[in-house]
Amino acid sequence: MPRSKKFRRARLIVIVLVVLLVAGAGYGGYRGVAAVRASFPEVDGSVKLAGLSAPVDVKRDANGIPQLYADTSEDLFRAQGYVQAQDRFWEMDVRRHITAGRLSEMFGDSQVETDSMIRTMGWRRIAQEEFDTVLTPDTKKNLQAYADGVNAWLAEHPGGSSASLEYGLLGVVNGDYEPEQWTPVDSVSWLKAMAWDLSGNLQEEIDRSLLAQDFSPEKIEELYPEYPYARNGTIVKTGTVNGSAYKPADGTAPAAGSGTAGSGTAPGTTQGSAATKALLKDVTDRIDALPELLGRNGQGIGSNSWVVAGSHTTTGKPLLANDPHLGPGLPSVWYQMGLHCRAVSPTCQYDVSGFTFAGMPGVVIGHNKDIAWGLTNLGADVTDLFLEKVTGPETYLVDGKEERFELRKETIKVAGGEDRTITVRTTKTGAPLISDPSTEQQNVGKYAPNGASAPDRGTGGYGVALQWTALIPGKTMDAVFALDRAKGWEDFQKAAADFAVPAQNLIYADAKNIGYQAPGHIPVRGKGNGRYPAPGWDSAYQWKKDPVPFSALPWSLNPASGYIVTANQAVVDASYKPSLTTDWEYGTRAKEITDQIEARLKNNGKISPDDMQEMQLDNTSVLAKTLVPMLLKVEIDDPYVREAQDLLKDWNYHQDADSAAAAYYNGVWRQLLTLAFGQKFPADLRAEDNCLLVREQADPTKPDSKSRIVTECGTRDPGRAQPDGGDRWTEVVRQQLEKPDSGWWTYIDSQHKEQKGLDNLLREAMTNARQELTSLLTKDITTWSWGRLHKLELRERTLGSDDSSIASGAVHKLLNRGPYRLSGGSAAVDAAGWNAAAGYQVDWIPSMRMVIDLNDLDASRWINVGGASGHAFHENYNDQTDLWLKGKLLTWAYSPDAVDKAAKHRLTLTNG
């Protein structure tokens, strides 16, 4: 049967099946519901789990959150594997196929491009090397126990609808598919996915290069301004590095009672070359095609965390808050659970609770009985692109001499199709050529950068290689287990030393101390600063052999302020060497959190757990405090537009879902960015199908050529289009607002005429926003609200998109949840992010929220955006969503008594 017919048949069957499931009508509906329920986990009674040395208790509360109790570490992680497989095995199976570059084996030839890119980078190969060569024996034992637990569940559910609804759907189009045994490397590979989605400034590096085709270095730097150190501050006061040891400038008090930037381009690489532009756009297209497992790679990915010392809290002990900002979807990115040894001892070392990922043992963020910790993205520059002078199929140029690529063949098996074999070329520095096509064709000779210092194109051409710290075997899996069993600051720092990728800001608290540590494998560059692709043919640009020593990375313990805030702002100022990055987030959220803490502490006030929770919901638009007074001063003659302008009078700058003023302000913000910047950007930075009036410059090679106004449509995936309106753009606009005659305020109006000046542009933005919101909402501004524009849809992500998956749009509509009307905004503490270049839909969110009370761990609070279950029609699939929307948190039971009291279901796993 032709594939297209097979997929049409699949969609028809799937639609009928799900409609029956949801409707539950008649005998067919009853059978459908029964089949789906057959995959739901057993949560009461007793189940055999081979290999256990003693029974393990699994206690679940009303939200299905499991707490496990065991006598040995090995039993604990074996049970964790079993229980996570009960709830999330389909998700786990899809994730491991993503990280191994094997999606085509499940979903067919639509995934070959994705598999090719991931195989080229070699995520699974590096994970295997980590397991084989660098992880400790205890970590390997825990990983193997976890895998054994997953496989015990898999033996009971070998595939089909007994495993989950999705396997039934997959069977319609890929009836030969059967899940393989889980391996320890499947778990380790997930760390590569985390690292990719949190890998820093790779997209900025590409974007600056694409902008270089049309703008001077000085104009580009206006779009990537220096971090405002004086206004927004840094995470820690910048200390000094003596030799390889960092000495804090603040926060050096001993632990009390604890246990053990710059600008410039690489010569001759990215400036003024249409061919290089095409090459980098091709790389961007490949990156866009990769699954977004956590969110948009390197852009908009942020988080908030802060910790307050006991001297400043109502409880008398530290409070710690965390809310990572990641891409929305179902099942939830996070999985909540507790892992408890009945008695902590050398044979059973864990008593930890928090958030982890399905498919990975241990707990990533949370607390044990002694310490608590949270994570935000450090944003270190851990990726560099290198333009390589390719001289032949197997050779490239370095310092005027030919070097040989390391070559390897990768065979991609394709469900319902023929296998594809690709050749991966890797430089001697370990950097794969990510510009190579996904087929056997390896010739990139048609691409060549300009510049007098660049070698001639010759017959081979150029390629783009990726240098990335995650392609170096690391010990992050060791770090996760070490954090889980840490007893104090010293243990915490030792664990952080192994946290290689992704580089994170780690905050810390115990009963008497608060602290911060920057971990991560962060490269030391030769020449260049990582802001533009470097010339691979010059070895002076290569990374040094050793990264920044962990001992030289910034840290702080018990700072004089009594609190620490991390929200992706600069860790230290520019005096710190070697550089961690020149692409920090710009500190808007961090400054707002800091101001709120300071306001509460003023006059010797104290911060309560309720205060911590309330601060997480702050949706203030900080830039609006500057921009709105300027908008209100602009004279508007049209009463139709002036009616909307008047909404901004007396607005409190809060982006509440029911606020008409917030809706109009954000509409004006979107139009301002389009007029000032979007009109001037090349099409390959703007959202696809976003068609704007732009000025086409005269062709200097044609005497009669003149510039003209034309309509040009963007070509980029909307999620990565620019200007996206995030924190960087608040700083860009803030600085340009101080220059009323800036060239950025020149724009093309709706009459196809070029206009100049800030006031004129603001007037045009308000006019355009009035028209856009009228078309999207209604002419009656009394009906407007921010939430009607700013919507969140929790999409089922494991089945792929409507046009390339086993499910149709109708099926996705039944598996998705929402849309929900959201408060917040991109640069607000309540970071419900949206891309102003593409529309108003929410595309990243606080994926979970938690507040940990070190005075009473049972008084801690947590929430997930979805739920514990990955089964679409299970009661715990997204039962936490409504609470999350309202900013509420669940009680976080930790002690045996509290867990026992909260338990609604009790399951005993026994050897058998």
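The shown structure was predicted, so the numbers you read here are calculated from the model rather than taken from an experiment.

## Focus: the overall build of the protein
And then number 1: Each helix and strand in the protein was counted, giving 26 helices and 34 strands.
And then number 2: The 912 residues of the protein split such that 62% are buried.
And then number 3: When the accessible surface of the protein is summed, it comes to about 32500 Å², and 49% of that surface belongs to carbon and sulfur atoms.

## As for the pattern of salt bridges
And then number 1: For the structure on display, the rule yields 41 salt bridges.
And then number 2: The partner of Arg96 in a salt bridge is Asp186, with the nearest N and O atoms 3.0 Å apart. One end of the pair, Arg96, is in helix α3 (residues 73-99); the other, Asp186, is in helix α9 (residues 184-197), and 90 residues separate them in sequence. As far as the burial class goes, Arg96 and Asp186 line up, both buried.
And then number 3: The partner of Lys428 in a salt bridge is Glu403, with the nearest N and O atoms 3.2 Å apart. Placement of Lys428 in the loop between β16 (420-426) and β17 (462-468) and of Glu403 in strand β14 (residues 401-404) is noted, with a sequence separation of 25 residues between them.
And then number 4: Here Glu403 falls in the partly exposed class, since its relative accessible area comes to 25%.
And then number 5: Through salt bridges with shared partners, one network takes in Asp93, Arg96, Arg124 and Asp186.

## Some remarks on a negative patch on the surface
And then number 1: A grouping of Glu635, Asp637, Asp638 and Asp759 is seen on the molecular surface, where their side chains present a negatively charged patch.
And then number 2: As for its placement among the helices and strands, Glu635 is situated in the loop between α18 (624-633) and α19 (639-645).

## A word on the state of the cysteines
And then number 1: Taken as a whole, this structure holds 2 disulfides when the rule is applied.
And then number 2: In this model Cys341 forms its disulfide with Cys348; the gap between the sulfur atoms is 2.0 Å. Classification of the bridge connecting Cys341 and Cys348 rests on its S-S torsion, roughly -85 degrees, and on that basis the disulfide is left-handed.
And then number 3: The class for Cys341 is buried, based on a relative accessible area of 5%.
And then number 4: Disulfide pairing places Cys691 opposite Cys713 at an S-S distance of 1.8 Å. Measuring handedness by torsion sign, the sulfur bridge of Cys691 and Cys713 sits at about 95 degrees and is right-handed. With Cys691 in strand β23 (residues 691-696) and Cys713 in strand β24 (residues 708-713), this pair connects stretches of sequence that are 22 residues apart.
And then number 5: When its relative accessible area of 38% is taken as the criterion, Cys691 is described as partly exposed.

## Some words on the environment of Ala893
And then number 1: With respect to the secondary-structure elements, Ala893 resides in the loop between β33 (890-891) and α26 (896-902).
And then number 2: Given the relative accessible area of 14%, Ala893 is considered buried.
And then number 3: The spatial distance from the C-alpha of Ala893 to the C-alpha of Ala859 is 7.6 Å, given a sequence separation of 34 residues.
And then number 4: If we skip the residues at most four places from it in the chain, Ala893 touches Gln67, Asp858, Ala898, Val899 and Ala902.

## Observations regarding the nonpolar core
And then number 1: If you look at the biggest cluster of nonpolar residues, it comprises 236 residues, and the most contacted ones within it are Met121, Trp468, Tyr664, Phe677 and Leu909.
And then number 2: Top contributing element to this core by residue count: helix α20 (residues 660-676), with 12 residues.
And then number 3: Apart from residues no more than four positions distant in its own chain, Phe677 is found in contact with Leu223, Pro723, Trp729, Val732, Val733 and Trp744.
And then number 4: Within the second largest apolar cluster, 11 residues are counted, among which are Val398, Phe405, Ala465 and Ala534.

## Describing the sheet that holds strand β9 (residues 351-356)
And then number 1: Strand order in the open sheet made by the 11 strands is β1-β34-β2-β3-β8-β9-β10-β11-β18-β19-β21, with mixed pairing throughout. Edge positions in the sheet fall to β1 (45-48) and β21 (555-557), since each of these pairs with one other strand and no more. Ignoring strand direction, the axes of neighbouring strands in this sheet form an average angle of 15 degrees.
And then number 2: In this structure, β9 lies alongside strand β10 (residues 365-368), joined through 4 bridges in antiparallel fashion. When the bridges of β10 are listed, Phe355 appears paired with Ile365.

## Focus: helix α6 (residues 123-133)
Given 3.6 residues per helical turn, the α-helix brings residues three or four places apart onto the same face.
And then number 1: All of the buried residues along α6 are Trp123, Ile126, Ala127, Glu130 and Phe131. Buried residues of α6, viewed axially, fall in a sector of 140 degrees; they line one side.
And then number 2: Here the buried face of α6 lies against α3, α5 (112-121), α7 (137-156), α9 and β17.

## A short note on the layout of surface pockets
And then number 1: Empty space within the second largest pocket amounts to approximately 650 Å³.
And then number 2: Lining of the second largest pocket is provided by 23 residues; of these, Asp214, Gln679, Lys680, Arg695 and Gln697 occupy positions nearest its centre.
And then number 3: At 3 residues, β23 tops the list of elements feeding residues into the lining of the second largest pocket.

## Some remarks on the confidence of the model for the protein
And then number 1: Model confidence for the protein is summarised by a mean pLDDT of 89, while 88% of its residues fall at 70 or above.
And then number 2: This model gives residues 1-12 a pLDDT under 50, and the stretch forms 19 contacts once residues within four places in sequence are excluded.
And then number 3: Note on residues 259-272: pLDDT is under 50 here. Beyond four places in sequence and across chains, it has 55 contacts.

## Overview of the packing of aromatic side chains
And then number 1: Counted by the stated rule, this structure contains 38 aromatic pairs.
And then number 2: Here the aromatic rings of Phe677 and Trp729 are separated by 5.0 Å at their centres, their planes lie at 55 degrees, and the arrangement is tilted. Placement of Phe677 in the loop between α20 and β23 and of Trp729 in helix α21 (residues 727-736) is noted, with a sequence separation of 52 residues between them.
And then number 3: You can call Trp729 buried: its relative accessible area is 1%.
And then number 4: Members of the aromatic cluster, connected to one another through ring pairs, are Phe89, Trp90, Phe107, Trp153, Tyr167, Tyr177 and Trp182.
And then number 5: Sitting over the ring of Tyr69, Lys59 keeps its end group 5.2 Å from the ring centre.

## Some thoughts on the packing of α7 against α9
And then number 1: It is at 8 Å that the axes of α7 and α9 come closest, and there the two elements cross at 110 degrees. In this view, α7 runs roughly perpendicular relative to α9, as classed from their interaxial angle. Taken together, the residues of α9 that come into contact with α7 (itself represented by Leu143, Gln144, Tyr146 and Ala147) are Pro184, Ser187 and Val188.
And then number 2: Of the residues in the contact of α7 with α9, the class split is 5 nonpolar, 2 polar and no charged.

## Comments concerning unusual backbone geometry
And then number 1: Of note, the amide linkage connecting Lys577 to Pro578 takes the cis form, showing an omega dihedral of 0 degrees.
And then number 2: With respect to the secondary-structure elements, Pro578 resides in the loop between β22 (563-566) and α16 (588-601).
And then number 3: Cis peptide bonds are those with omega within 30 degrees of zero, and the linkage from Gln722 to Pro723 qualifies with 0 degrees.
And then number 4: Even without a glycine there, the phi angle at Tyr653 is positive, about 70 degrees.

## A word on the side chain of Thr798
And then number 1: Within the fold, Thr798 resides in the loop between β27 (791-794) and α24 (809-815).
And then number 2: For Thr798, a relative accessible area of 10% translates into the label buried.
And then number 3: Here Trp90 takes part through its side chain, which lies 2.6 Å from a polar atom of the side chain of Thr798.
And then number 4: Reaching out from Thr798, the side chain makes a polar contact with the side chain of Glu796 at a distance of 2.2 Å.
And then number 5: Thr798 has contacts with Trp90, Glu91, Val94, Phe107 and Pro331, leaving out every residue within four places of it along the chain.

## A closer look at the side chain of Ser353
And then number 1: By the secondary structure assignment, Ser353 is in strand β9.
And then number 2: Not counting residues up to four positions away in its chain, the partners in contact with Ser353 are Gln67, Met337, Gly338, Val363, Ile365, Gly366, His367, Trp862, Trp892 and Tyr894.

## Overview of the environment of Thr423
And then number 1: On the secondary structure map, Thr423 appears in strand β16.
And then number 2: With 12 residues separating them along the chain, Thr423 and Thr411 place their C-alpha atoms 8.9 Å apart.
And then number 3: Of the polar contacts made by the side chain of Thr423, one reaches the side chain of Lys409; its length is 2.8 Å.

The rules behind these values
- Residues numbered from 1 in each chain as written.
- Predicted model: local features only at pLDDT ≥ 70, side-chain atom pairs only at ≥ 80, totals over all residues.
- Heavy atoms only, no water.
- Helix = DSSP H or I, 4+ residues; strand = E, 2+ residues; numbered from the N terminus.
- Buried < 20%, exposed > 50% of the residue type's maximum accessible area, 1.4 Å probe, protein only.
- Areas by Shrake-Rupley, 256 points an atom, 1.4 Å probe, with all protein chains shown as cover.
- Salt bridge = Lys/Arg side-chain N within 4 Å of Asp/Glu carboxyl O.
- Patch = residues over 30% accessible without salt bridge, like charges linked within 9 Å, V, L, I, M, F, W, Y side chains within 5 Å.
- Lys, Arg positive; Asp, Glu negative; His and termini not counted.
- Charge placed at Lys NZ, Arg CZ, Asp CG, Glu CD.
- Disulfide = S-S within 2.5 Å.
- Contact = heavy atoms within 4.5 Å.
- Core = buried A, V, L, I, M, F, W, Y, C linked by side-chain atoms within 4.5 Å.
- Pairing = 2+ DSSP bridges.
- Axes fitted to C-alpha atoms, helices over the stretch in contact; angles between N-to-C directions.
- Arc of directions from axis to C-beta.
- 1 Å grid on protein atoms, 1.4 Å probe; cavity = no way out; pocket = protein on both sides within 12 Å on 5 of 7 lines; lining within 4 Å.
- Points joined across faces, edges and corners; volume = space filled by probe spheres on them.
- pLDDT = per-residue confidence, 0-100.
- Phe/Tyr/Trp six-rings, centres within 6.5 Å; stacked < 30°, edge-to-face > 60°.
- Lys NZ or Arg CZ within 6 Å of the ring centre and 35° of its normal.
- Parallel < 35°, antiparallel > 145°, perpendicular 65-115°, else oblique.
- Nonpolar A, V, L, I, M, F, W, Y, C, P; charged D, E, K, R; others polar.
- Polar contact = N/O pair within 3.5 Å; in protein donor to acceptor, adjacent residues only side chain to side chain.

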